[in-house]
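Listed below are the residues making up each chain.
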Amino acid sequence: MFVNEVNDVKIYNLSAGKSVPDWLTDRRKRSQLMKKVDSRRQIELIQDFDMPGVCTSIRMSPDQQYILATGTYKPRVKCFEVSNLSIKFERCFDAEVTTFEVISDDYSKMVFLQCDRYVEIHAAHGRHYRLRIPRFGRDMKYHKPSCDMFIVGVGRDIYRLNLERGQFLQPLETDGSCLNACDVNPEHHLLVAGTKEGTVEAWDPRTKQRCSTLDVAMKLPGVKEFPSVTALKFRNGLHMGVGTASGHVLIYDIRAKQPLLVKNHLNRLPIKRLAFNPAQNAVYSLDEATLKLWDEQTGKQIAYVESTSSFNDFCTIPDTGMFFVAQEDVKMMTYYVPAMGPAPRWCSFLDNLTEEIESEVVENVYDDYQFVTAKELAELGMEHLVGSNLLKGYMHGYFMDARLYNKAKAVVEPFAFDRFRKDKIRKEIESERKSRLQIESKLPKVNKELALKIMDEQANPSNSAKQRNVPNLLEDSRFKAMFENADFEVNKSAEEYRLLAPVLNRLDKSKAKELKKRVEVAHVAELHADEAQQREESDNDEDLFGFEESDGETKDDSGDEASSDDDDRREYVKEMKQAYKQVKRQREEEEELEDEDDEQQNDEISDTAKRPQTNGHTHKPTTNGNRFTMTPLDQHQGSSFLQQRIKKASLQDRVQVMSQLEGQVTNVGRSLGNRQMTFEVNKQKKSQFHAKKREAEMKKHREERRSIVRPIKSLRLKKVNFK
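Residues numbered from 1 in each chain as written. Predicted model: local features only at pLDDT ≥ 70, side-chain atom pairs only at ≥ 80, totals over all residues. Heavy atoms only, no water.

Observations concerning the pairing of strand S12 (residues 148–153)
Then, number 1: Most of S12 sits out of view: six of its six residues are buried.
Then, number 2: Side chains Asp148, Phe150 and Val152 project from S12 onto one buried face, and the interleaved Met149, Ile151 and Gly153 project onto a second face that is buried too.
Then, number 3: In this structure, strand S11 (residues 137–143) lies alongside S12, joined through six bridges in antiparallel fashion. Considered in S12, the bridge of His143 is made with Asp148.
Then, number 4: Here S12 hands over to strand S13 (residues 157–162) after three residues, with Gly155 in that stretch at a positive phi of 130°. (Buried < 20%, exposed > 50% of the residue type's maximum accessible area, 1.4 Å probe, protein only. Helix = DSSP H or I, 4+ residues; strand = E, 2+ residues; numbered from the N terminus. Pairing = 2+ DSSP bridges.)

Structural notes on helix H7 (residues 448–459)
Then, number 1: The terminal C-alpha atoms of H7, which comprises 12 residues, lie 16 Å apart, in line with the 16 Å expected from a rise of 1.5 Å per residue.
Then, number 2: Within H7, the full set of buried residues consists of Ala451, Leu452, Ile454, Met455 and Asp456. (Expected span 1.5 Å × (residues − 1).)

Quick notes on the side chain of Ser61
Then, number 1: Here Ser61 lies in the loop between strand S3 (54–60) and strand S4 (66–72).
Then, number 2: Among the residues examined, Ser61 registers a relative accessible area of 2% and is labelled buried.

Some remarks on the packing of aromatic side chains
Then, number 1: What the rule picks out here adds up to 12 aromatic pairs.
Then, number 2: Between Phe371 and Phe399 the ring centres are 5.6 Å apart and the planes differ by 70°, which places this aromatic pair in the edge-to-face class. On the criterion of sequence distance, the pair formed by Phe371 in strand S30 (residues 369–373) and Phe399 in strand S32 (residues 397–401) is long-range, its members being 28 residues apart.
Then, number 3: Residue Phe399 is classed as buried on the basis of its relative accessible area of 9%.
Then, number 4: Ring-pair connections join several aromatic residues into one group, and the members of that group are Tyr284, Phe314, Phe323 and Tyr335.
Then, number 5: Its end group placed over the ring of Phe100, Arg59 keeps NZ or CZ at 5.3 Å from the ring centre.
Then, number 6: Across the ring face of Tyr118, the terminal group of Arg130 is positioned such that the distance to the ring centre comes to 3.7 Å. (Phe/Tyr/Trp six-rings, centres within 6.5 Å; stacked < 30°, edge-to-face > 60°. Lys NZ or Arg CZ within 6 Å of the ring centre and 35° of its normal.)

Digging into helix H5 (residues 402–412)
Then, number 1: Regarding H5, the residues found buried are Ala402, Tyr405 and Ala408. Buried residues of H5 fall within an arc of 125° about the axis and therefore sit on the same side. Residues of H5 that are exposed and point more than 90 degrees away from the buried face comprise Arg403, Lys407 and Val411.
Then, number 2: Measuring from the side-chain oxygen of the N-cap residue of H5 to the backbone nitrogen of Arg403 gives 2.9 Å; that N-cap residue is Asp401. (Arc of directions from axis to C-beta. Polar contact = N/O pair within 3.5 Å; in protein donor to acceptor, adjacent residues only side chain to side chain.)

Some points on the nonpolar core
Then, number 1: With 26 residues, the main nonpolar core has Ile58, Ile67, Met322, Phe324 and Trp346 as its most contacted residues.
Then, number 2: Of all the elements in the fold, those that place two or more residues in this core are S3, S4 and strand S28 (322–327).
Then, number 3: Beyond its immediate sequence surroundings of up to four residues, Ile67 is in contact with Ile46, Phe49, Ile58, Arg59, Met60, Lys78, Cys79, Phe80, Val82 and Phe324.
Then, number 4: Counting 19 residues, the second largest nonpolar core, distinct from the first, contains Ala282, Tyr284, Leu291 and Val305. (Core = buried A, V, L, I, M, F, W, Y, C linked by side-chain atoms within 4.5 Å. Contact = heavy atoms within 4.5 Å.)

Some thoughts on the pattern of salt bridges
A side chain of one charge can pair with a side chain of the opposite charge when the charged atoms of the two come close.
Then, number 1: This structure, assessed with the given rule, holds 20 salt bridges.
Then, number 2: A salt bridge links Glu101 to Lys141, with the nearest nitrogen and oxygen atoms 3.7 Å apart. Of this pair, Glu101 sits in strand S7 (residues 97–102) while Lys141 sits in strand S11, and the two are 40 residues apart along the sequence.
Then, number 3: For Glu101, a relative accessible area of 14% corresponds to the buried category.
Then, number 4: The class of Lys141 is buried, set by a relative accessible area of 16%. (Salt bridge = Lys/Arg side-chain N within 4 Å of Asp/Glu carboxyl O.)

Considerations on the sheet that holds strand S5 (residues 76–81)
Then, number 1: The strand order S3-S4-S5-S6 describes an open sheet built from four strands, whose pairing is antiparallel. Of all the strands in the sheet, the pair left with one neighbour each is S3 and strand S6 (86–92). Taking each pair of neighbouring strands and ignoring which way they run, the sheet shows an average axis angle of 20°.
Then, number 2: Across six bridges, the pairing between S5 and S6 is antiparallel. If you follow Phe80 over to S6, its bridge partner there is Ile87. (Axes fitted to C-alpha atoms, helices over the stretch in contact; angles between N-to-C directions.)

Things to note about the pairing of strand S20 (residues 239–244)
On a regular strand, each side chain points to the face opposite its neighbour's, so the side chains alternate between the two faces of the sheet.
Then, number 1: Within S20, five of the six residues are buried, which leaves the element mostly enclosed by the surrounding structure.
Then, number 2: Where strand S19 (residues 229–234) lies against S20, five bridges are found, and the strand directions are antiparallel. Its bridge partner being in S20, Phe234 is matched across the sheet by Met240.
Then, number 3: Hairpin geometry of S19 and S20 is characterised by an intervening segment of four residues between the two adjacent antiparallel strands.
Then, number 4: With five bridges connecting them, S20 and strand S21 (residues 248–253) associate as antiparallel partners. Bridge pairing in S21 links Gly241 to Ile251.

Looking at the sheet that holds S32
Pairing between the strands of a sheet comes from backbone hydrogen bonds, and it takes one of two forms, parallel or antiparallel.
Then, number 1: Overall, antiparallel pairing links the three strands, which are arranged S30-S32-S31 in an open sheet. Pairing within the sheet leaves two strands with one partner each, and these edge strands are S30 and strand S31 (391–394). Neighbouring strand axes in the sheet, compared pairwise and without regard to direction, differ in orientation by 30° on average.
Then, number 2: Where S30 meets S32, five bridges bridge the pair, whose relative direction is antiparallel.

Topic: the confidence of the model for the protein
Then, number 1: When the pLDDT values of the protein are averaged, the result is 77; 68% of them are 70 or greater.
Then, number 2: With pLDDT under 50 throughout, residues 631–639 is counted as low confidence; its partners more than four residues away or in other chains account for three contacts. (pLDDT = per-residue confidence, 0-100.)

Concerning empty space enclosed by the protein
Then, number 1: Summed over the entire model, instances satisfying the criterion amount to two cavities of 30 Å³ or more.
Then, number 2: Taken together, Phe150, Leu172, Leu191, Trp203, Asp204, Pro205 and Lys208 make up the lining of the second largest cavity.
Then, number 3: Of the residues assigned to the lining of the second largest cavity, the class counts are five nonpolar, no polar and two charged. (1 Å grid on protein atoms, 1.4 Å probe; cavity = no way out; pocket = protein on both sides within 12 Å on 5 of 7 lines; lining within 4 Å. Points joined across faces, edges and corners; volume = space filled by probe spheres on them. Nonpolar A, V, L, I, M, F, W, Y, C, P; charged D, E, K, R; others polar.)

Quick word on a negative patch on the surface
Then, number 1: Taken together, Glu588, Glu589, Glu591, Glu592, Glu594, Asp595, Glu596 and Asp597 make up a surface patch of like negative charges.
Then, number 2: Relative to the elements of secondary structure, Glu591 occurs in helix H14 (residues 565–610).
Then, number 3: Among the residues examined, Glu591 registers a relative accessible area of 31% and is labelled partly exposed. (Patch = residues over 30% accessible without salt bridge, like charges linked within 9 Å, V, L, I, M, F, W, Y side chains within 5 Å. Areas by Shrake-Rupley, 256 points an atom, 1.4 Å probe, with all protein chains shown as cover. Lys, Arg positive; Asp, Glu negative; His and termini not counted. Charge placed at Lys NZ, Arg CZ, Asp CG, Glu CD.)

Written out as structure tokens, the structure is:
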């Protein structure tokens, strides 16, 4: 159980507590829960009060004896009986349920609106009938006097399904393009429907005529667009609550067009559901992030419940302080607020427990299990446990017992505790040691440049409202370790930081100098005026901030102050080019070192290949210095010394040598999948290409010769008589 106190109002989360993994058997779950002292105080109000994946909607039966909830996956409905505090039955559907209504006092008659346009009518034994509506539905309400089920959705029509006749009646045509919500007044049975255009239309079910239209969007202050109506709820015969897509809740008297009260959730999320508590004059309003309880008359917030995941629906138990919340998670949350009313009769023991329980902190989920990735598992030397019952695969890693993890960590890093102890002692000594000269500085010990930037933004906020409302990270306790723990210090030698450094260094240098003087240098100058003056003449303040000058950058401060936007852009481009050149140069050096290591390995392999293999006897070299060589009978085999080395080398070295012979393969970037290969075209293909080119040139030359040579037909020759 988790207790949260807001505005002196205690909210008891009855579903909170330590969770155990789902893959454990029921017997092991019970044994683990019994071993822990905290789990003995855990309250499981309703047994198996959860869904396999997500809970979409939840309702309480009118007789307050059954809790019905729908969820996935597979799409299903669960019915819990409060007298036994356990599940009564469970049914599955063919499609997900959008919403549902309980039209009897108990679970014997229910109507489900599904996302595939089907409407299912269920009886106590199961599904009774199934039919389809023309368009996708979003909400529905039951009109008990006429046995009509009003269904609204995509389209302007309000569909009327008469459950007594078992047929559709003439639909009601509204002026809106799309209908999101509807409700029926419990006293005079007035039907209201909320449209996409931000209006609420009221219809009389007796005459089938429109009574009035209420324009809600026009009454919202400071809204540029017309938000649609997403939730409707009647408090009594005269008062009604309207929720909009902009996060506003309006309380109306149906006799007036002006709202009595406008409540803003301040998060711009659509209101999903509304409920009233007449005994305490309180309103419950739910959006995706929070469930707020506030006063109906003044709008003052009484309490709130924040979501760890997205809220989908909730339901209250009338005349009590308990309510249930459906969320995008396995658990269905149960909350009890004593200020809103007593506990229900079936769990009246909660009133006695809440008087004795103090605020507690909920432990993390799976405290007895440690999550490790595949890389961490390899560092611990426990890769051989993959596939055994000691490791449970989950997402991109594994769950393992925390005791086994601590033992393996102690074996792999036996001196980790000693290092931790020395660091702790060093920090204690530094904290107790006081310097002779106390210099007060507002800058933290870690990430001083980041602190300077944050202080400058707080001192000179921009004109935008977002920048003015940004909280100060230096005063926020959540980011305290960022400026105290050295593990969170920015690593300037990292490749990612060097690529982003020109972007971060666009802060004006003159502005940085002025800021430095305002924060730290001014106070030091009072104590050491002479030394500070010499230091300012000799040193450059830019070195303190880590701003490196580029090659073409001038050191004249007046020139920097008078530079235009073009000069700043040009300087920024220079810094970017310089940073990329440095990173590229470092990559090339790393690749050269890797190539040298590969060459050394190949040389070692060749040396081992040259050594003659004997039966354990070593041959001493001759003392006369003459080399003894043997020539093989096959001259072709002896000439190919490289092939002999390749044959004697290992498969890995053989592949590397062959890849170097065929083409040069280099890495591009740091990722494993990027490769670049350069190669030469085959000589035979080159010769064929040159031969074709020569033939084309000769053909062109012959055609030119033919065009130049004169024909002999134009010459007149004398006939010679040989008689």
